[in-house]
Structures are given as structure tokens and as C-alpha cells.
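# Structure assessment
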Amino acid sequence: MQVFKLYFKLLKSYKGVVILYFVIFMAVAVIMTKNLAADSNVSMKETKLDIMIVDEDKKTLGRALEEYFGSQHDLVEMEYDKEQITDALYWRKLDYVLVIPKGFEESILSDDIDDMELENMKAPGYYDAVFFESELSMYTAKLKGLLAAGYSMEEAEDQLVKLQEEKTEVKIASFVNEKQNDICTVFFAYVPYLFITLGMNGIGLILIVFNEQRVKDRMECSCTTMQERIAGLAGGILVFGIIMLSVVAAAAGILSKGSIFTDNRFPYFLINMVALLLFGLSLGFFAGTIAKNKDAMNGLVNVISLALCFLGGVFVPQEFFSETIIKVAKFLPTYWYVATNNSIGAMKELTPQLTREIVTQVGLVVGYALVVFAVTVVIISNKRKRVA
């Protein structure tokens, strides 16, 4: 019991570090959750951009484009001054500037003139503009197709406007879980950062103190047995882990307004988080054994946590990974945690196939925890042999 109390007394002295990493986790998780989580009622919405169309050709095409895209996007009128437009693009007052060069319509209608290209101005790296460009390419392709079929320019433009007025009704397939990108699914995806950083700090920093020679000597002289010291330390680590898990569950409850606790997916989310928690605690046990001081521990925490979170798909969605990165990421427990979290989030009903998938992937994470724990035990054993 003395060791158990000492664990939390030491942990209290490092409360600044614990609070810092918890605040970082909550800030990142909540911001990304608000940005990425879809509403529980899935809906398909068109993205409206602020578009400016500059018609230097002064033909019918400019008016047709304004009529066609004006129903989908917000058309902005301003002076065609490149410096002003650049500023507007930078401050996102404009998303895209389409310039119809002089002679463009004639180049489409005449076989004797080489086809001209539409010009544009846009902010680099702004991916929403790519969607508009795809719409524009589709428009020009349809326009050329109608012209080739014998329509006049005016007839083709009118026909495209009529086609634009027809709306497609989108329905979510019955096998798709409407909650697959809900608040808690996204929030739980960022849990590895908390469990790894606090697991390593909350255990590693304490073990560094316990491993100091003067502390070891005093404990050897005390009336507590080795078994009592191990039990007290293990109890402190276990309670610390339960506290972390409880805080995450409480935060998820607040974000979901309590709905997560009645969600049939919650037990599976919990199992997945427990597996990752065991890995985080094992990492803390390992780091506290090999680190010589607090500075070394800080370096280990930053390197290991960021590497596991970035390569595992915590901070960067796994669907953006190349095949090479995926091959590397599959060696990391965080990859399997995120993959399981996504599967549970998309779960509509628990099928035998999904059960096997969850059990296998959770088992992999637990296996990593056991391996790290076993390696740490071997290191401790070798240290004792050298001392002896």
C-alpha cells in the first residue's frame, strides 16, 4: 500500500506534464472531430465556391457559363485586377477565377483554328478548386459533343442549362451505417496519442525515480517485501490506466451528449481502446526501464508517439497512404487500432466476419503489448544479473 500511495504522490508531482499532454490531445481531437465528423443523419450537399468569370471573348459562352454555374456556385463581380484578385484568393474571398480568352468560342466552332484553353487563377493547394475544374471540363466536353451532333452554339448552351436543372436524388444504401463518421468514431481515432504519451510519461517518469540507486537502497531496507512493492506498483499503473480510460469515455459522453453510452457499438469501441491502453502502459514500462533521466524520457515520448500516430493513421487518414507506407504501417499496433475503430464505426450489425476481424486486430494490438512487456522484463533481468 505504501508503494501504491507513493506512485500517485510522484504522479502528482508530474501533474504539469500529464495536464499538458491531455490538453494537447483534447485540443487536437475536438478540433478534428468538429471538422471531420459527419452529422448522424448523412446528407449529400454540393459545395458552393466563390467564382469569378472574366469574359474577354464577349460571346455567348460567357453568359452561358454564368447561367450554368451560377445555380451551383456564388458568382463574384469585381474588377479584373490581378493584384486585387491575388489578394482575394489569398484571403479566400475568391475560390476560383475563370478567364475566357478572346477567340475561345471561335476556336471551338472552327475546325481551322486550334482549340484554345480556358485560363484560370486559383490559390495553390486549394483542393475544392479541383472539383470545380472537373465540372468545367465536363461542361466543355458535353458542349463539344452537342456541337459535333449538329447543335448550334446557342442550342447546345440551352440544352446544357436544361440538363443542369435536373436533380439527382441520393439515397444511402441500407447496408451503410449512417453513424460511420460520427463524433465518437472520429474522437476515438485520436485516443492512441493520449494513451501513448500519458502511458509513457505517467509510468516512465515514476519508474525513473524508482530506479534511482538511493531509492532502491531505501526500499530494500524497508519492511515491504519485493512482492508487495511489485503489487503496489502494478496497482498504481492499473488504476492510472483506468483513470485515463474513464476520462476518454467521459469526454466521448460529453461530445455525443450521452448517446454513446446507449450505442450498441460502445462495448466494441471500449475493447479496442483497452487493447491500445495495454500497449501504451507497456510502452511506459519499457521507456521507464531504458531511460536514464527526464530529458531522455521526453525525447522517447515525442519520437515514439509521433511516429506511431503519423504512420499508424491517427493524424493522417489511412486512405491517403501509398502502398509502400501501408506495408510499413501494418507493422504498427496503431494501424490496427485505427483500422478496428473504423470498422466498428461503420458497423451496422455484428456479423461473424466482422467479429473475426475485430478479434484478430484487437488481438494483434494486445500481442504487441505483451511483446513490449516481455522485452522489458528481459532487460530488467539482464540488468540484475550484471549488478549481481
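Refer to the preceding data block for the structure.
Everything in this summary refers to the structure shown in the same document.

### Points about the overall build of the chain
A tally of helices and strands in the chain yields 16 helices and four strands. Expressed as a percentage of its 388 residues, the buried residues of the chain come to 42%. Taking all contacts inside the chain whose residues are at least 6 apart in sequence as the whole, residues at least 24 apart take part in 77%. Accessible surface, the chain: about 22,100 Å² in total, of which carbon and sulfur atoms supply 60%.

### A closer look at the side chain of Asp95
On the secondary structure map, Asp95 appears in the loop between α4 (82-90) and β3 (96-100). Arg92 is the oppositely charged side chain nearest to the buried, salt-bridge-free Asp95, at an N-O distance of 4.9 Å. At 2.7 Å, the side chain of Asp95 forms a polar contact with the backbone nitrogen of Asp50.

### Some points on the nonpolar core
If you look at the biggest cluster of nonpolar residues, it comprises 74 residues, and the most contacted ones within it are Phe187, Phe188 and Phe195. Considering every element that reaches this core, the biggest residue donor is helix α9 (residues 191-210), with 14 residues. Non-local contacts of Phe187, meaning those with residues more than four positions away in its chain, are made with Phe25, Met26, Ala29, Thr33, Val248, Ala251, Ala252 and Leu255.

### Some points on a negative patch on the surface
Judged by side-chain charge, Glu67, Glu154, Glu155 and Asp158 come together as a negatively charged surface patch. For the negative patch, the leading source of residues is helix α7 (residues 153-165), giving three residues. Relative to the elements of secondary structure, Asp158 occurs in helix α7. For Asp158, a relative accessible area of 46% corresponds to the partly exposed category.

### Re the pattern of salt bridges
Tallying each qualifying case throughout the model produces two salt bridges. The partner of Lys122 in a salt bridge is Glu133, and the shortest N-O contact between them spans 2.8 Å. Of this pair, Lys122 sits in strand β4 (residues 119-122) while Glu133 is found in helix α6 (residues 128-148), placing the two residues eleven residues apart along the sequence. For Lys122, a relative accessible area of 34% gives the class partly exposed.

### Regarding the packing of aromatic side chains
Scanning the entire structure with this criterion turns up 18 aromatic pairs. The structure contains a cluster of three or more aromatic residues connected by ring pairs, namely Phe22, Phe25, Phe187, Phe188 and Phe269.

### Describing a nonpolar patch on the surface
Taken together, Leu20, Ile24 and Val28 make up a surface patch of nonpolar side chains, about 220 Å² in accessible area. Relative to the helices and strands, Ile24 resides in helix α2 (residues 15-36).

### Some words on the environment of Ser256
Relative to the helices and strands, Ser256 resides in the loop between α11 (226-255) and α12 (266-290). Here Ser256 falls in the buried class, since its relative accessible area comes to 13%. Note: C-alpha distance between Ser256 and Cys184 (72 residues apart in sequence) is 6.8 Å.

Analysis parameters
Every chain begins its residue count from 1, and numbering advances along the sequence as written. Totals for whole chains, interfaces and linings use all residues, but because this is a predicted model, local features are given only for residues with pLDDT of at least 70 and pairs of side-chain atoms are given and counted only at 80 or more. Heavy atoms from the whole structure form the basis of all side-chain values; hydrogens and water molecules are not counted. Secondary structure is summarised from DSSP: a helix means a run of H or I of at least four residues, a strand means a run of E of at least two, and numbering begins at the N terminus for each. Buried, partly exposed and exposed residues are distinguished by accessible area as a fraction of the type maximum, computed with a 1.4 Å probe on protein chains only: under 20%, between the cut-offs, and over 50%, respectively. The contact definition used throughout considers only heavy atoms, calling two residues in contact when any of these lie within 4.5 Å. Only the protein chains shown count as covering a residue, and every accessible area follows the Shrake-Rupley method with a 1.4 Å probe. When charges are counted, Lys and Arg are positive and Asp and Glu negative, with His and the chain ends excluded. Whenever a carboxyl oxygen of Asp or Glu lies within 4 Å of a side-chain nitrogen of Lys or Arg, that contact is scored as a salt bridge. Between N or O atoms, a polar contact is any pair within 3.5 Å; within protein, one atom must be a potential hydrogen donor and the other a potential acceptor, and residues adjacent in sequence are included only when both atoms are from side chains. Each nonpolar core is a collection of buried residues, namely Ala, Val, Leu, Ile, Met, Phe, Trp, Tyr and Cys, held together in the definition by side-chain atoms within 4.5 Å. The residues that make up patches have over 30% relative accessible area and no salt bridge, and they are joined within 9 Å when like-charged or within 5 Å when they are Val, Leu, Ile, Met, Phe, Trp or Tyr. To locate a charge, take NZ of a lysine, CZ of an arginine, CG of an aspartate or CD of a glutamate. Ring pairs shown here join Phe, Tyr and Trp side chains whose ring centres sit within 6.5 Å, with only the six-membered ring taken for Trp; geometry is labelled stacked below 30 degrees between planes, edge-to-face above 60, and tilted in between.

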